[in-house]
Amino acid sequence: MPENVPENEPEVLPGRGSAPTGGWQTARVLSLTDETPRAKTIRLALEVPTRQLAGQHYVVRLTAPDGYTASRSYSVASAPDGSGEIELTVERLDDGEVSTFLHEVVEPGDELEVRGPIGGWFVWPGEGRALLVGGGSGVVPLAAMLRHARALGRPDLVHLVVSVRTPHDLYYRDELLGDGVTVVYTREAPPGSARAPGRLRVDDLAPFVMPDATAFVCGGTSFCNAATDLLASAGVGVDRIRVERFGPTG
Amino acid sequence: MAKFTRGFTGRGRARDARLPPGQYDTGTQWPVLTAEATPTLATDTWTFAIEGEVEVETTWTWDQIHALPGSTYEGDIHCVTTWSKLGMTFRGVSVDTLLDIARPRPEATHVLAVSHTGYTTNLPLADVRDHKAWVVWEADGEPLPRDHGGPARLLVPHLYFWKSAKWVAGLRVLDHDEPGFWEQNGYHDRGDPWLEQRYQGD
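Residues numbered from 1 in each chain as written. Chains lettered and ligands numbered in written order. Predicted model: local features only at pLDDT ≥ 70, side-chain atom pairs only at ≥ 80, totals over all residues.

## Observations concerning the overall build of chain B
Here's step 1: When helices and strands are counted, chain B shows 2 helices and 11 strands.
Here's step 2: Ordered by position from the N terminus, the helices and strands of chain B form the series β-β-β-α-β-β-α-β-β-β-β-β-β.
Here's step 3: Compactness check: chain B gives a C-alpha radius of gyration of 17 Å against a globular reference of 17 Å for 202 residues, within 12% of the reference.
Here's step 4: Seen through its principal axes, chain B has C-alpha atoms that stretch 60 × 35 × 30 Å.
Here's step 5: Of the contacts formed within chain B by residues at least 6 apart in sequence, a portion of 66% connects residues at least 24 apart. (Helix = DSSP H or I, 4+ residues; strand = E, 2+ residues; numbered from the N terminus. Rg over C-alpha atoms; globule rule 2.2 N^0.38 Å. Contact = placed C-beta atoms within 7 Å.)

Right, here's the structure in full:
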């Protein structure tokens with residue numbers, strides 16, 4: 001998402017302008033699943049199926065009877081699978097006009113206006129190595145990349161490092177506790193963890209740094225700043241780091 | 001007219017007239033949205049250049065650009081991700097002052113703003129003329145933070161904020177339009193928030 005991005009794009013990734021982009025359409029809510037007490041995954045059936053790239057997002061627009069609208073962007077969590085269905089994971093923000101509505105009011109069968117897929121920068125096309133580094137809800141677009149790699153039968157291409165405060169804050173727990181994923185707990189770790197709780201460190205990332213990999217970093221601003229500094233310390237060139245910052249949008 | 005969403009009435013219906021359609025007031029927060037690692041740029045090596053279709057290609061150092069007559073913008077900014085921040089004060093130099101020195105040639109129609117990171121964004125020349133655009137290094141009385149494009153960014157507040165290139169390095173004056181980074185990635189070519197020109201086709 002805007003504002004700025006660099007020019008020195010890694011050759012392994014698709015060039016600018018090659019990502020699919022879709023217009024407004026109506027989507028039907030198929031299901032809502034709790035990921036954590038503060039995050040729900042909404043599965044949508046699209047009227048106009050568009051195969052997205054892993055990492056792209058959709059805009060959800062709510063319209064009141066008097067025409068007032070509110071819209072927010074949410075990353076697609078599901079892998080591109082040609083099914084015509086997508087999953088968006090929405091973190092509930094207490095003052096978030098859209099996220100509280102999606103959490104409290106929306107039910108299966110409802111129709112929502114959506115637009116997408118959008119974004120041609122923070123995408124992994126399914127080839128080339130990638131190190132995925134997410135903080136909290138920033139794991140969502142990275143989960144799409146991980147799921148895509150697994151669906152392609154190439155889980156070796158990506159490694160996900162996800163930082164969460166406690167075990168209760170981990171999205172997609174059943175899929176993320178396993179090979180190809182490192183979970184870093186900052187406040188409270190599960191019993192028996194070898195690593196004491198604490199912020200992401202360079203030695204959490206260094207084992208997974210490869211010279212030809214692109215790093216995808218997603219999370220809040222302070223997480224992204226810290227993670228990009230750590231990646232740089234671990235020898236990843238800034239031209240190989242792509243960042244998506246989740247602002248306090250609601 | 002879009003069909004309405006079941007159960008949605010909306011909040012904050014005493015809507016501030018300064019908010020363009022589809023935008024909300026972020027209040028005291030200033031979200032950071034950037035697709036790259038935040039660079040550290042030293043002001044003693046920083047430069048700003050105007051090149052291309054101009055009579056006098058010109059490069060300013062940090063001290064030289066500060067020696068030009070200063071200019072202030074007081075008003076609002078609007079991000080395409082739907083937040084707006086109202087009542088801000090930015091201080092720097094008007095792009096008019098810089099273009100008056102470089103003097104665009106008659107065939108010049110557009111500019112491509114270029115950042116020290118390599119980021120680009122395109123604008124019609126008219127959108128950076130006539131008190132519409134600045135190079136700024138101060139926000140609300142403080143030096144512009146790195147996360148927000150410091151030491152200096154472009155400020156084009158009448159358009160969505162991705163046009164206000166962070167860490168700006170210069171303007172390439174062109175005799176044609178040349179899409180910048182986000183414009184090649186699905187975002188609108190011009191980005192007028194009052195017309196909701198968010199994405200291609202809006």
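That shown, we press on.
## Comments concerning the nonpolar core
Residues and elements named next belong to chain A.
Here's step 1: Among the nonpolar cores identified, the biggest contains 119 residues, and Leu-132, Met-145 and Phe-216 are the most heavily contacted of them.
Here's step 2: Residue contributions to this core peak at 8 residues, all from helix H2 (residues 139-151).
Here's step 3: If near-sequence neighbours (up to four positions away) are discounted, Phe-216 is found in contact with Gly-55, Phe-122, Trp-124, Ala-130, Leu-132, Val-133, Leu-142, Met-145 and Arg-242. (Core = buried A, V, L, I, M, F, W, Y, C linked by C-beta atoms within 7 Å. Buried ≥ 20, exposed ≤ 12 C-beta atoms within 10 Å, placed from the backbone.)

## Some points on helix H2 (residues 95-102) of chain B
Residues and elements named next belong to chain B.
Here's step 1: Of the positions making up H2, those classed as buried are Val-95, Leu-98, Leu-99 and Ala-102. Mapping the buried residues of H2 onto a view down its axis gives an arc of 95°, with all of them on the same face.
Here's step 2: Next to the buried residues of H2 lie strand E2 (47-52), strand E3 (58-61), strand E5 (83-94) and strand E8 (134-139).
Here's step 3: Looking one or two residues past H2, Arg-103 carries a phi angle of roughly 60°, positive in sign. (Arc of directions from axis to C-beta.)

## Let's talk about the pairing of E8 of chain B
All names here are of chain B.
Here's step 1: The buried count for E8 comes to 5 of 6 residues, which makes it a mostly enclosed element.
Here's step 2: Sheet topology places E5 next to E8; 5 bridges connect them, and they run antiparallel. In the strand pairing of E8, Val-93 is matched with Val-135.
Here's step 3: Pairing between E8 and strand E10 (residues 153-155): 3 bridges, direction antiparallel. Across the sheet, the residue bridging to Trp-134 is Leu-155, located in E10.
Here's step 4: For E8 and strand E9 (residues 142-143), the ladder comprises 2 bridges, and the chain directions are antiparallel. Counterpart to Ala-139 in the pairing with E9 is Glu-142.
Here's step 5: Hairpin connection between E8 and E9: a loop of 2 residues separates the two successive antiparallel strands, and Asp-140 in this loop has a positive phi of roughly 50°. (Pairing = 2+ DSSP bridges.)

## Some details on the pairing of strand E11 (residues 241-245) of chain A
Every regular strand shows the same layout, with side chains that alternate between the two sheet faces.
All names here are of chain A.
Here's step 1: The element E11 is extensively covered by neighbouring structure, given that 5 of its 5 residues are classed as buried.
Here's step 2: Alternating residues of E11 divide into Ile-241, Val-243 and Arg-245 and Arg-242 and Glu-244, and every residue in both groups is buried.
Here's step 3: Handedness of the β-α-β unit built from strand E10 (residues 214-219), helix H5 (residues 221-233) and E11 comes out right-handed. (Right-handed = clockwise from strand over helix to strand, strands pointing away.)

## Focus on the sheet that holds strand E8 (residues 158-164) of chain A
Residues and elements named next belong to chain A.
Here's step 1: With parallel pairing, the 5 strands of this open sheet are ordered in space as E9-E8-E7-E10-E11. The open sheet terminates on both sides in strands that have one partner only, identified here as strand E9 (181-185) and E11. Strand-to-strand, the axes of this sheet are offset by a mean angle of 15°, without reference to chain direction.
Here's step 2: As paired elements, E10 and E11 share 5 bridges and run parallel to each other. Bridge pairing links Gly-219 to Arg-245 in E11. (Axes fitted to C-alpha atoms, helices over the stretch in contact; angles between N-to-C directions.)

## What to know about the sheet that holds strand E2 (residues 39-46) of chain A
All names here are of chain A.
Here's step 1: Spatially, 6 strands are ordered E4-E3-E6-E1-E2-E5 in an open sheet, and the strand pairing comes out antiparallel. Edge positions in the sheet fall to strand E4 (69-75) and strand E5 (85-91), since each has one partner strand and no second. Taking the axes of each pair of neighbouring strands and ignoring which way they run, one obtains an average angle of 40° across the sheet.
Here's step 2: Sheet topology note: the strand E1 (residues 24-36)/E2 ladder contains 8 bridges and is antiparallel. In the strand pairing of E2, Thr-33 is matched with Thr-41.
Here's step 3: Across the face of the sheet, helix H1 (residues 97-104) comes into contact with E2, strand E3 (57-63), E4 and E5 while running at roughly 115° to E5.

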